[in-house]
Amino acid sequence: MGGQDLQSGVVSDLARIGITVPNDLLGEFDELISGKDYPSRSEAFRDLIRDALIERAVSAGNEEVVGTLTLVYDHHARQLNDRLTGMQHDHHTQIITTVHVHLDHHNCLEVIILRGKRADVQKIADRLIAVKGVRHGKLTVTKAEAH
Ligand code: NI
């Protein structure tokens, strides 16, 4: 949808909209974005809209997505390393790469990048997070194909 820039007469692909927001909500929003170095409030709004659209697109199970799974676990836990590695081999077609960081004497951090259908990526992540000894796990998903 295009908009007409009245001053220059040039048709742009930007639309100008006006929205009504309660003052306190806007105040909180400004506070939120002030820490994020947005060049303008508009850019922050655009990011929110894109986020919501990506969220909707990736929530369909058949959508091709890229996922980043972060795991923190205690490598002293019995056979945990072997179990996690074995499970990753089970899904070698979806797992692109794994980065392992030895956080301290006990804890390991693993970031696993996956690609595939949303439902499959979620299932693999759920399996890995559910392994006993995994202290924290979080999957972030984004769209795989370009717009
Ligand atoms: Ni380690």
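Cut-offs used in this document
The numbering scheme is per chain: residues are counted from 1 as the chain's sequence reads. Reporting of local features is limited, given that this is a predicted model, to residues whose pLDDT is at least 70; pairs of side-chain atoms are given and counted only at 80 or more, and all residues count toward the totals for whole chains, interfaces and linings. The basis for the side-chain values is all heavy atoms of the structure; hydrogens and waters are excluded. Note on conventions: DSSP H or I runs of at least 4 residues are helices, E runs of at least 2 residues are strands, and numbering of each starts at the N terminus. Using C-alpha atoms as the atom set, the radius of gyration is obtained and then compared with a globule rule of 2.2 Å times the number of residues to the power 0.38. To sort residues, take the accessible area from a 1.4 Å probe on protein chains only and compare it with the maximum for the residue type: under 20% means buried, over 50% means exposed, and anything in between is partly exposed. Should any heavy atoms of two residues lie within 4.5 Å, those residues are counted as being in contact. Two strands are counted as paired when DSSP detects at least two bridges linking them. Metal-coordinating donors are taken as N, O and S atoms lying within 2.8 Å of the metal, or within 3.2 Å when the metal is Na, K or Ca; because water is left out, some sites can appear incomplete.

Caption draft 1: Representation of the overall build of the chain. Along its length, the chain carries 4 helices and 6 strands. Across the chain, helices and strands are ordered from the amino to the carboxyl terminus as β-β-α-α-β-α-β-β-α-β. Scaling as 2.2 N^0.38, a compact globule of 147 residues should have a C-alpha radius of gyration of about 15 Å, whereas the chain reaches 21 Å, well beyond that. Along the first, second and third principal axes, the C-alpha atoms of the chain reach 70 × 35 × 25 Å. Scored against the burial criterion, the 147 residues of the chain give a buried share of 25%. Of the contacts made within the chain by residues no fewer than 6 positions apart, 64% connect residues no fewer than 24 positions apart.

Caption draft 2: Region of the structure containing the pairing of strand β5 (residues 107–117). In this sheet, β5 lies alongside strand β3 (residues 64–74) in antiparallel orientation, the contact comprising 11 bridges. Residue Leu71 lies in a different strand from β5, and its bridge partner there is Glu110. Connecting strand β4 (residues 95–102) to the antiparallel partner β5 that follows it, the hairpin turn spans 4 residues.

Caption draft 3: Here's a closer look at the coordination of the nickel ion. The coordination sphere of the nickel ion, as far as protein atoms go, consists of His100 (NE2), His102 (ND1) and Cys108 (SG), spread over 2.1 to 2.3 Å. For the nickel ion, the single-chain donor residues occur in sequence as H-x1-H-x5-C. On the accessibility criterion, His100 (32% relative accessible area) is partly exposed. When its relative accessible area of 62% is taken as the criterion, His102 is described as exposed.

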